[in-house]
Amino acid sequence: MHEPRDSDPGVHQRQPDGTPPDTMTDSDGSVGYRGVTACHAVGISYRQLDYWARTALVVPSVRDASGSGTARLYSFRDLVVLKVVKRLLDAGVSLQNIRKAIEALRSRGVADLAGITLISDGTTVYECRSPEEVVDLLQGGQGVFGIAIGGAFKEVQGSLSHLPAEPAVVDGPEPVGSEVAGDELAARRARRRAG
């Protein structure tokens, strides 16, 4: 499946007030980030992102793909969760244990996530809510590492400051064929249908 590049004009739609998309905020949930933007912001490959979406590890909450030609749209919270998944994988935690940890975090909002630190010994992932809990875990003699989700939150915010966003609500059908300049595959399909 072709994911439109961030340089495609269809991605850079302006807000109703005329301001560029990269100045949009999603504090009210009104914007989403395409797969390519999510990959750049989080530091993962599109193949990883696609696999995680198809296997329901991190499903885009703004809009999931609904067939050829539709793009997934990820919320800011989704990007924070993707960043946490990447960090856990980088630390050697199995995908099975990451799935269990992410499932426990799904019910929380962005404000809750920012205050959580995850602790892992490389096998199990623990949630730590206070500095005392970290000390108790370390005194047990088991080596652990921490991921402050607030840090991932700030990293994703910084990465998104220069990447495009687009409105989460689309008033009409998505552009197809030659309406999206640079989308060669869609243009070929449109020519094939027309001719």
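Residues numbered from 1 in each chain as written. Predicted model: local features only at pLDDT ≥ 70, side-chain atom pairs only at ≥ 80, totals over all residues. Heavy atoms only, no water.

Novice: Explanation requested: the overall build of the protein in the structure shown.
Specialist: The helix and strand tally for the protein stands at 8 helices and 6 strands. Tracing the protein from N to C terminus, the helices and strands come up as β-α-α-β-α-α-α-β-β-α-β-α-β-α. Within the protein, residue pairs in contact and separated by at least 24 positions form 67% of the contacts whose partners lie at least 6 positions apart. (Helix = DSSP H or I, 4+ residues; strand = E, 2+ residues; numbered from the N terminus. Contact = heavy atoms within 4.5 Å.)

Novice: Would you mind showing me how to read the pairing of strand β4 (residues 125-128) here?
Specialist: In summary, the side chains of a regular strand alternate between the two faces of the sheet. The sheet contact formed by strand β3 (residues 117-120) and β4 spans 4 bridges and is antiparallel. Bridging from a neighbouring strand, Ser120 pairs with Val125 of β4. Counting the residues that bridge the hairpin from β3 to β4 gives 4 residues, and of these Gly122 lies at a positive phi of roughly 95°. (Pairing = 2+ DSSP bridges.)

Novice: Would you mind showing me how to read the packing of helix α3 (residues 76-90) against helix α4 (residues 95-105) here?
Specialist: Helices that pack against each other are described as a pair by the angle of their axes relative to one another and the distance between those axes. Running from N to C, α3 and α4 cross one another at 150°; their axes reach a closest spacing of 10 Å. As judged from the angle between their axes, α3 and α4 are roughly antiparallel. For the crossing formed where α3 meets α4, the hand is right-handed. Residue-level contacts link Arg77, Val81, Val84, Val85, Leu88 and Leu89 of α3 to Leu95, Ile98, Ile102 and Leu105 of α4. Residues of the contact of α3 with α4, tallied by class, amount to 9 nonpolar, no polar and 1 charged. (Axes fitted to C-alpha atoms, helices over the stretch in contact; angles between N-to-C directions. Parallel < 35°, antiparallel > 145°, perpendicular 65-115°, else oblique. Left-handed = near helix turned anticlockwise from the far one by under 90°. Nonpolar A, V, L, I, M, F, W, Y, C, P; charged D, E, K, R; others polar.)

Novice: Quick question: what am I supposed to make of the nonpolar core here?
Specialist: Counting residues in each nonpolar core, the largest one holds 37 residues, and the members touching the most others are Leu79, Leu82 and Leu118. Going through the elements one at a time, β1 (31-34), α1 (35-42), α2 (46-54), α3, α4 and α7 (149-160) are the ones with two or more residues in this core. The element contributing the most residues to this core is α3, with 8 residues. (Core = buried A, V, L, I, M, F, W, Y, C linked by side-chain atoms within 4.5 Å. Buried < 20%, exposed > 50% of the residue type's maximum accessible area, 1.4 Å probe, protein only.)

Novice: Got a minute to help me understand the environment of Leu95 in this structure?
Specialist: Mapped onto the fold, Leu95 is located in helix α4. The exposure class assigned to Leu95 is partly exposed, which follows from its relative accessible area of 24%. Apart from residues no more than four positions distant in its own chain, Leu95 is found in contact with Tyr51, Trp52, Leu57 and Leu89.

Novice: Would you mind going over the confidence of the model for the protein with me for this structure?
Specialist: Close inspection of predicted coordinates is inappropriate for parts of the model with low pLDDT. Here the protein averages 74 in pLDDT, while 66% of its residues score no lower than 70. Of the regions scoring below 50 in pLDDT, residues 1-25 engages in 53 contacts with residues more than four places distant in sequence or in other chains. Note on residues 176-181: pLDDT under 50 across the span, and 8 contacts to partners over four residues away in sequence or across chains. (pLDDT = per-residue confidence, 0-100.)

Novice: How do you make sense of α2 when you look at a structure like this?
Specialist: Spacing of three or four residues puts side chains on the same side of an α-helix, whose turn is 3.6 residues. Burial in α2 covers these residues: Leu49, Asp50, Trp52 and Ala53. For α2, the angular spread of buried residues about the axis comes to 165°, placing them on one side. Opposite the buried face of α2, by more than 90 degrees, sit the exposed residues Arg47 and Arg54. Residues of α2 that are buried sit in contact with α1, β2 (73-74), α3 and α4. Note on α2: the residue one or two positions beyond its end, Ala56, has a positive phi of about 65°. (Arc of directions from axis to C-beta.)

Novice: Just checking my understanding: could you explain the side chain of Lys83 for this structure?
Specialist: If you trace the backbone, Lys83 turns up in helix α3. Residue Lys83 is classed as buried on the basis of its relative accessible area of 11%.

Novice: Just to check I follow, could you spell out the sheet that holds β1 for this structure?
Specialist: The pairing of strands in a sheet comes from backbone hydrogen bonds and takes either a parallel or an antiparallel form. Read across the open sheet, the 3 strands follow the order β2-β1-β6; overall the sheet is antiparallel. Only two strands of the sheet have a single partner each, and these edge strands are β2 and β6 (166-167). Pairing of β1 with β2, which is carried by 2 bridges, proceeds in the antiparallel orientation. The residue of β2 that forms the bridge with Arg34 is Leu73.

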